[in-house]
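What follows is each chain in one-letter form.
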Amino acid sequence: MSTNIKKTVKELTSIIDARPPNIANILIYVREHIDDAHVCERGVQAAWNLMFYEASNKKRALDAEIIELCKETLVLHARHKQVGRPIVRNALFVFKEMANVCESTSEKIKATHKKQIFDRCMEMGLSNIIIDYLKLYSGTVGGYVFDPKIQEAGAASLGWCCLKATKDYKAKVIAYGGVERMEFILKTCSKNPHILRYAKWTFNMLLEAKEEYERDMLIERERIERQKMILKMAKGAKLNDGKKKKKKKAMFTEVDD
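Residues numbered from 1 in each chain as written. Predicted model: local features only at pLDDT ≥ 70, side-chain atom pairs only at ≥ 80, totals over all residues. Heavy atoms only, no water.

1. Overview of the packing of aromatic side chains
- On inspection of all chains with the given rule, the structure shows four aromatic pairs.
- Between Tyr137 and Tyr144, the ring centres sit 5.7 Å apart and the planes meet at 85°, which makes this aromatic pair edge-to-face.
- Sitting above the plane of the Tyr176 ring, Lys135 keeps its charged end 5.3 Å from the centroid. (Phe/Tyr/Trp six-rings, centres within 6.5 Å; stacked < 30°, edge-to-face > 60°. Lys NZ or Arg CZ within 6 Å of the ring centre and 35° of its normal.)

Below, the structure written as structure tokens:
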């Protein structure tokens, strides 16, 4: 670690250790040193811990644009040789903490703020990002090892993103490979109870959504087919009516002659 990196991390540590801790100050410092992977790793982890232990910090984190910051750190440092894996892990756990606000019973955060936070999670396309990094650290991509903690964080964050999401949102997650990704985790981590609890929960949720989506699609196809049949019958009836009128007119013409 270079002298400059040591200095920035030391400065960040002093901000993290301040009492009372200020999550906004931590995130401001991370943003100012966004190119420093070690600062991003420590800063995002500290923010995650503060949100985990104090629900009211989620609104402060939202105001400090933590989701956007995490997305940027992933783009810049997810493949870092030394701290890439903890950066991904911390970012996914941040996504989880932000998304699970939809079920929060804490009185320290207002209902309107809970909605704002969850809506932002939906707007930011987090599910696709989660699935991408689950794949990257699945042990199937050259140069990147399997990381069980990332699989746990990913399964948990994906589940919370989908729990209160719309049918359309879940359909997009399914189309992007969410079900297959959870199946992979269930097979690969079959002996790890910490990962399995989230993977099973998310898998069952997405599977139920998939079955419902397929039923809706079947109903829609049947509705379209019925509509086509009705239009065809109406068209046929109109043609027959036209033929009858034409025949009747011809009969009257013959009588007149």
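Moving on, there is more to tell.
2. Side note on the pattern of salt bridges
- This model, assessed by the stated rule, comprises 15 salt bridges.
- For Lys59, the salt bridge identified is with Asp63, shortest N-O distance 2.8 Å. Residue Lys59 and its partner Asp63 are located together in helix α4 (residues 57-63), separated by four residues, close to a single helical turn.
- Residue classification places Asp63 among the exposed residues on the basis of a relative accessible area of 53%.
- The residue Lys228 makes a salt bridge to Glu225 at a minimum N-O spacing of 3.9 Å. Of this pair, Lys228 and Glu225 both sit in helix α12 (residues 193-256), three residues apart, which is roughly one turn of that helix. (Salt bridge = Lys/Arg side-chain N within 4 Å of Asp/Glu carboxyl O. Helix = DSSP H or I, 4+ residues; strand = E, 2+ residues; numbered from the N terminus. Buried < 20%, exposed > 50% of the residue type's maximum accessible area, 1.4 Å probe, protein only.)

3. Describing the nonpolar core
- Ile66, Leu74, Phe95, Met98 and Leu126 are the most contacted members of the largest nonpolar core, which totals 76 residues.
- Ignoring any residue separated from it by four or fewer positions in sequence, one finds Met98 in contact with Met51, Lys58, Leu62, Ile66, Ile67, Ile117 and Cys121. (Core = buried A, V, L, I, M, F, W, Y, C linked by side-chain atoms within 4.5 Å. Contact = heavy atoms within 4.5 Å.)

4. Comments concerning the environment of Ile16
- Within the fold, Ile16 resides in helix α1 (residues 3-16).
- Along the primary structure Ile16 and Leu50 are separated by 34 residues, whereas in three dimensions their C-alpha atoms are 9.8 Å apart.
- Beyond its immediate stretch of four places on either side in the chain, Ile16 contacts Pro21, Ile26, Arg42 and Ala46.

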